[in-house]
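The residues making up each chain are set out below.
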Amino acid sequence: MKKTLTFIAICLATFTVKAQIPNFSSTQHIDQEFGLGTISITYGRPNLKGRKIFNNIEPFGQVWRTGANSATILKLTDTVTMEGHRVLPGEYALFTIPGAAEWTVIINKTAKQWGAYSYDQKQDVLRFKVKSYKLATPLETLTIQFADVNVDRGILQILWENTGVAIHLKADINARVIANINKMMKGKDKPYYVAAVWYYNHNLDMKKALVWMNEMEKVQPDAYNVKYWMGRILLKLGDKKGAIASAKMGLAIAEKDGNSEYIRMNKEVLRDAGAIK
């Protein structure tokens, strides 16, 4: 009984310390919508504190947790291609091996582990190399972030001290989105607007996109965003006269409503069509 009480007291004391004293390296969790899912990263963020990191504190050629405290966790809710390699949905540890000119990126099955002390190469799902580059300005705190993110493409950056690496991401979702559009078009609530914009942005069947935007215009005849996209689609189809007419109507509605964004955007269509300078 005495031993049990002592153990409980130790646990309570440890919990109290953790609650009142933060980790030496803060933890960050970031979520990024990507493709038809989400990419999540949880990692510890150490600081330079005047130290030399790469090829010193973190030696070249050795597996690094890519952060502080626990190994960095990468979670995918949908399949993502990383530098041309497919990674299935799941929770992984993200390790790296820093080098002078290139790094090895490691996706490991054992997501939850402390540091890289128990790292087991047999649990690797994927390994690939990426070139490193020099940062214009030294970065005090390790930063993992997403850049140049589109619906199905983006870059995962690892930045610290004077070094950066970029991991190119891709989500191959176009076929699935088209299948979803076709299925929804058979239902009651047809996604005319978003379907037309998707087709436009992915250089698909512009005639079909025009039909859908025409249907949307019947529902919202005085919508400046619909007029704008109608103009864009017509312009891509080579119908400058129709594009100009649609954009002029969109511009007039946007000016009446005081919407500066769609005033600018409809003017861009007119400019691209050669109607204004």
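Presented here is an overview of the structure given in this document. Computed from a prediction, not measured in an experiment: that's the story for all the values here.

### Some remarks on helix H6 (residues 240-257)
Okay, so step 1: Compared with an ideal rise of 1.5 Å per residue, which puts 18 residues at 26 Å, H6 spans 25 Å between its outermost C-alpha atoms and is within 8% of the ideal.
Okay, so step 2: Buried residues of H6: Gly242, Ala243, Ile244, Ser246, Ala247, Gly250, Leu251, Ile253 and Ala254, and no others.
Okay, so step 3: Against helix H5 (224-236) and helix H7 (260-272) lie the buried residues of H6.
Okay, so step 4: Downstream of H6 by a residue or two, Gly258 has a phi angle that is positive, lying close to 70 degrees.

### Some details on the packing of helix H2 (residues 174-185) against helix H3 (residues 192-201)
Okay, so step 1: In the contact formed by H2 and H3, the axes pass within 11 Å of each other and the chain directions differ by 150 degrees. Taken as axis vectors, H2 and H3 run roughly antiparallel relative to one another. Handedness of the H2/H3 crossing: left-handed. From H2, Asn174, Val177, Ile178, Ile181 and Met185 reach across to H3, where they touch Tyr192, Ala195, Trp198 and Tyr199.
Okay, so step 2: Classifying every residue of the contact of H2 with H3 gives eight nonpolar, one polar and no charged.

### A short note on the packing of aromatic side chains
Okay, so step 1: Enumeration according to the criterion identifies 11 aromatic pairs in this entry.
Okay, so step 2: Pairing Trp64 with Trp103 gives two aromatic rings, centres 6.1 Å apart and planes at 75 degrees, and the pair type is edge-to-face. Here Trp103 lies in strand S7 (residues 102-108) and Trp64 lies in the loop between strand S2 (37-45) and strand S3 (73-76), a separation of 39 residues in the sequence.
Okay, so step 3: On the basis of relative accessible area, Trp64 is assigned to the buried category, the value being 2%.
Okay, so step 4: Every member of this aromatic cluster is reached through a ring pair, and the members are Tyr200, Tyr224, Tyr228, Trp229 and Tyr262.
Okay, so step 5: The aromatic ring of Tyr200 is capped on one face by Lys236, whose charged end is 3.8 Å from the ring centroid.

Cut-off values and rules
Residues numbered from 1 in each chain as written. Predicted model: local features only at pLDDT ≥ 70, side-chain atom pairs only at ≥ 80, totals over all residues. Heavy atoms only, no water. Helix = DSSP H or I, 4+ residues; strand = E, 2+ residues; numbered from the N terminus. Expected span 1.5 Å × (residues − 1). Buried < 20%, exposed > 50% of the residue type's maximum accessible area, 1.4 Å probe, protein only. Contact = heavy atoms within 4.5 Å. Axes fitted to C-alpha atoms, helices over the stretch in contact; angles between N-to-C directions. Parallel < 35°, antiparallel > 145°, perpendicular 65-115°, else oblique. Left-handed = near helix turned anticlockwise from the far one by under 90°. Nonpolar A, V, L, I, M, F, W, Y, C, P; charged D, E, K, R; others polar. Phe/Tyr/Trp six-rings, centres within 6.5 Å; stacked < 30°, edge-to-face > 60°. Lys NZ or Arg CZ within 6 Å of the ring centre and 35° of its normal.

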